[in-house]
Amino acid sequence: PKEYHDVACPPSCMHACLEASKATHDSGLTIGSFVHENFEMISIVMSVVLAFFGHWIARRKELESERRRLRLERLDAQLRDYFGPIAANLLSSKLAFNTLMRTWSRRGEGFNAQRYFANLRQAERLVAQDEGSHKTQLDPEIVWVRDSWISFHTQLVGPIHKQTMDILQGKSHLFDGLYTTHMLTFIA
C-alpha cells in the first residue's frame, strides 16, 4: 500500500480503505449511479439538513432580535432613569442660577455677576470677623446678596444636588463607563 504522510492512519485501516476503493471501482459504481439508486435516501437526508439549517437561521434571527430588544430596553432605562433626570437637574440648577443673576441685575445699574460675587465674598469676611456678634451693620446690598445666596442653596440647588446624588448612587448600574476617582469621591 502507498504511504500517506499527512494522515496518521494504521496500516489495517489503509488496507480496508484501499480494498473498498477497489470494490467500488470494480463494480462500476459512479457518483451519478449512486445518486440515482439512492435518490430517496438522499432526498430525506437533504430535507433534514435543510430543515436544521432553516431552524438554525431562524433561531439566530430570534436571538439577534432579542439582543436588540434588550439593548433598546437598557438604553430606554438609561435615558429615563439616569441621564434624563441628571440632565434635567443640571438644567434646573443652571436656570435657577440664571434667574438669581437676572433678579440681581434688576436691582439697578452696575449689578453684574462680578459685583454679586464680590459682595458675597465681602459678606463672608464680615460674618467671619463678627463671629456671631451683631455689632457690624451690614450694607443692605450685601445682606440681600448673602440672603439670596443662602436661599438659592437651601431651597433650590441643595435639593436638586441631593436628588442628583441619589440618582448617581442608586442608579449607577445604568452607567456603562467607569466612574473617575473624582466622581467616586463626589458620590461618596
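Look up: the structure comes first, before these words.
About the criteria used
- Residues numbered from 1 in each chain as written.
- Predicted model: local features only at pLDDT ≥ 70, side-chain atom pairs only at ≥ 80, totals over all residues.
- Heavy atoms only, no water.
- Helix = DSSP H or I, 4+ residues; strand = E, 2+ residues; numbered from the N terminus.
- Contact = heavy atoms within 4.5 Å.
- Areas by Shrake-Rupley, 256 points an atom, 1.4 Å probe, with all protein chains shown as cover.
- Axes fitted to C-alpha atoms, helices over the stretch in contact; angles between N-to-C directions.
- Parallel < 35°, antiparallel > 145°, perpendicular 65-115°, else oblique.
- Polar contact = N/O pair within 3.5 Å; in protein donor to acceptor, adjacent residues only side chain to side chain.
- Salt bridge = Lys/Arg side-chain N within 4 Å of Asp/Glu carboxyl O.
- Patch = residues over 30% accessible without salt bridge, like charges linked within 9 Å, V, L, I, M, F, W, Y side chains within 5 Å.
- Buried < 20%, exposed > 50% of the residue type's maximum accessible area, 1.4 Å probe, protein only.
- Lys, Arg positive; Asp, Glu negative; His and termini not counted.
- Charge placed at Lys NZ, Arg CZ, Asp CG, Glu CD.
- Phe/Tyr/Trp six-rings, centres within 6.5 Å; stacked < 30°, edge-to-face > 60°.

(A) Geometry of the overall build of the protein. Regarding its fold elements, the protein presents six helices and zero strands. The order of helices and strands in the protein, counted from the N terminus, is α-α-α-α-α-α. Here the contacts in the protein between residues at least 6 apart in sequence split such that 57% fall between residues at least 24 apart. Carbon and sulfur atoms make up 62% of the accessible area of the protein, which totals about 14700 Å².

(B) Structural context of the packing of helix H3 (residues 39-105) against helix H5 (residues 140-170). Between H3 and H5, the shortest axis-to-axis distance is 9 Å and the interhelical angle comes to 175°. By the criterion of interaxial angle, the relationship of H3 to H5 is roughly antiparallel.

(C) Representation of the side chain of threonine 164 within the structure. Mapped onto the elements, threonine 164 comes out in helix H5. Of note is the side chain of threonine 164, whose polar atom sits 2.9 Å from the side chain of asparagine 89. Setting aside residues up to four positions removed in sequence, threonine 164 forms contacts with Ile86 and Asn89.

(D) Spotlight on the pattern of salt bridges. Per the counting criterion, the structure on display carries nine salt bridges. Here arginine 69 ties to glutamate 66 by a salt bridge, and the two come within 2.4 Å at their closest N and O atoms. Of the two residues, arginine 69 and glutamate 66 are both situated in helix H3; the distance of three residues between them amounts to about one turn of the helix. Bridged by salt links that share partners, the residues Glu66, Arg69 and Glu73 form one connected network.

(E) View of a nonpolar patch on the surface. Together, Ile31, Phe34, Val35 and Phe39 make up an exposed nonpolar region whose accessible area comes to about 420 Å². What makes isoleucine 31 exposed here is its relative accessible area of 69%.

(F) Focus on a positive patch on the surface. Residues Arg60, Arg67, Arg68 and Arg71 make up a contiguous surface patch of positive charge. Within the secondary structure, arginine 71 sits in helix H3.

(G) Representation of the packing of aromatic side chains in the model. Using the criterion set out here, one finds 14 aromatic pairs in the structure. Pairing tyrosine 82 with phenylalanine 83 gives two aromatic rings, centres 4.8 Å apart and planes at 90°, and the pair type is edge-to-face. Of the residues examined, phenylalanine 83 reaches a relative accessible area of 36% and is grouped as partly exposed. Here tryptophan 104 and tryptophan 144 contribute two aromatic rings whose centre-to-centre distance is 5.6 Å and whose plane-to-plane angle is 25°, an arrangement assigned as stacked. Linking tryptophan 104 in helix H3 with tryptophan 144 in helix H5, this pair joins segments that are 40 residues apart in sequence. With a relative accessible area of 23%, tryptophan 144 lands in the partly exposed category. Three or more aromatic residues joined by ring pairs form one cluster here, namely Phe97, Trp104, Tyr116, Phe117, Trp144, Trp149 and Phe152.

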